[in-house]
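Here is what each chain is made of, one letter per residue.
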Amino acid sequence: MKHAIIIRRGSLADTRNACDLLNKIIQIGGTTAINVALSRDEFTDWAHGEGCVWHIAERDDGTLLGFQWIGPWEGLDADTIEIATFVRAGQTGQGIGSKLFEVTKSAARAMNQNWIEAEIRSDNEGGLIYYQSIGFRGNTKRKGKLTDGTPIEKTVKIYDLS
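Everything in this summary refers to the structure shown in the same document. (Residues numbered from 1 in each chain as written. Predicted model: local features only at pLDDT ≥ 70, side-chain atom pairs only at ≥ 80, totals over all residues. Heavy atoms only, no water.)

## Focus: the layout of surface pockets
In step 1: Estimates place the volume of the largest pocket at around 1,100 Å³.
In step 2: Every residue lining the largest pocket is counted, 43 residues in all, and those nearest its centre are Thr31, Thr32, Ala84, Thr85 and Phe86.
In step 3: Those elements that provide at least two residues to the lining of the largest pocket are α1 (15-28), α2 (40-47), β4 (80-87), α3 (96-110), β5 (115-121) and α4 (125-133).
In step 4: By residue number, the principal contributor to the lining of the largest pocket is β4, which donates six residues.
In step 5: Looking at the lining of the largest pocket, its residues break down into 21 nonpolar, 16 polar and six charged. (1 Å grid on protein atoms, 1.4 Å probe; cavity = no way out; pocket = protein on both sides within 12 Å on 5 of 7 lines; lining within 4 Å. Points joined across faces, edges and corners; volume = space filled by probe spheres on them. Helix = DSSP H or I, 4+ residues; strand = E, 2+ residues; numbered from the N terminus. Nonpolar A, V, L, I, M, F, W, Y, C, P; charged D, E, K, R; others polar.)

Listed below in structure tokens is the structure:
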């Protein structure tokens, strides 16, 4: 039986499942600069912070498939927001991120933003391909760190909302 994918705004009620999904991705490693599991309080502070919006993708049976977050980020201009996308392990390549981004673009425009910035680990080939495929451009390199302080290289891509 094929399940429909539903995209909706994330809420406090989604926090536990989304945090668990993210922590599983962190545990697997290699795709996110977050490499220390988040507590539910840390996740809530991030996902529900001031100026932040997030959407979830779920099957019609309620299974969480992924989520996408946008919000202000240190060092960005007032007309630019950061994006983060997380899809359940084993579910990538099925269009979940693209469906989330359609809703995210509308939310960013409603927030009067001009640009969305994605900062991707340079060794995350899947993430680089994903953001390129949905229209992000650029390949600026930036030194970064994992949450435990390990140095890494990041690639910055920008999406023009105009």
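## Description of the packing of α1 against α2
In step 1: Running from amino to carboxyl end, α1 crosses α2 at an angle of 105°, the nearest separation of the two axes being 10 Å. With respect to their mutual orientation, α1 and α2 come out roughly perpendicular. From α1, Thr15, Arg16, Ala18, Cys19, Asp20 and Leu22 reach across to α2, where they touch Arg40, Phe43, Thr44 and Trp46.
In step 2: Taken together, the residues of the contact of α1 with α2 break down into five nonpolar, two polar and three charged. (Axes fitted to C-alpha atoms, helices over the stretch in contact; angles between N-to-C directions. Parallel < 35°, antiparallel > 145°, perpendicular 65-115°, else oblique. Contact = heavy atoms within 4.5 Å.)

## So, the pattern of salt bridges
In step 1: Tallying each qualifying case throughout the model produces nine salt bridges.
In step 2: Among the salt bridges present, the one from Arg121 reaches Asp123, with a minimum N-O distance of 3.0 Å.
In step 3: One salt-bridge network, in which partners are shared between bridges, spans Glu117, Glu119, Arg142 and Lys154. (Salt bridge = Lys/Arg side-chain N within 4 Å of Asp/Glu carboxyl O.)

## Details of the environment of Glu117
In step 1: Along the chain, the position of Glu117 falls in strand β5.
In step 2: A sequence separation of 47 residues divides Glu117 from Ile70, and the C-alpha atoms of the two residues are 9.2 Å apart.
In step 3: Contacts of Glu117, omitting those with residues within four sequence positions, involve Leu76, Thr80, Ile81, Glu82, Ile83, Phe136, Arg142, Val156, Lys157 and Ile158.

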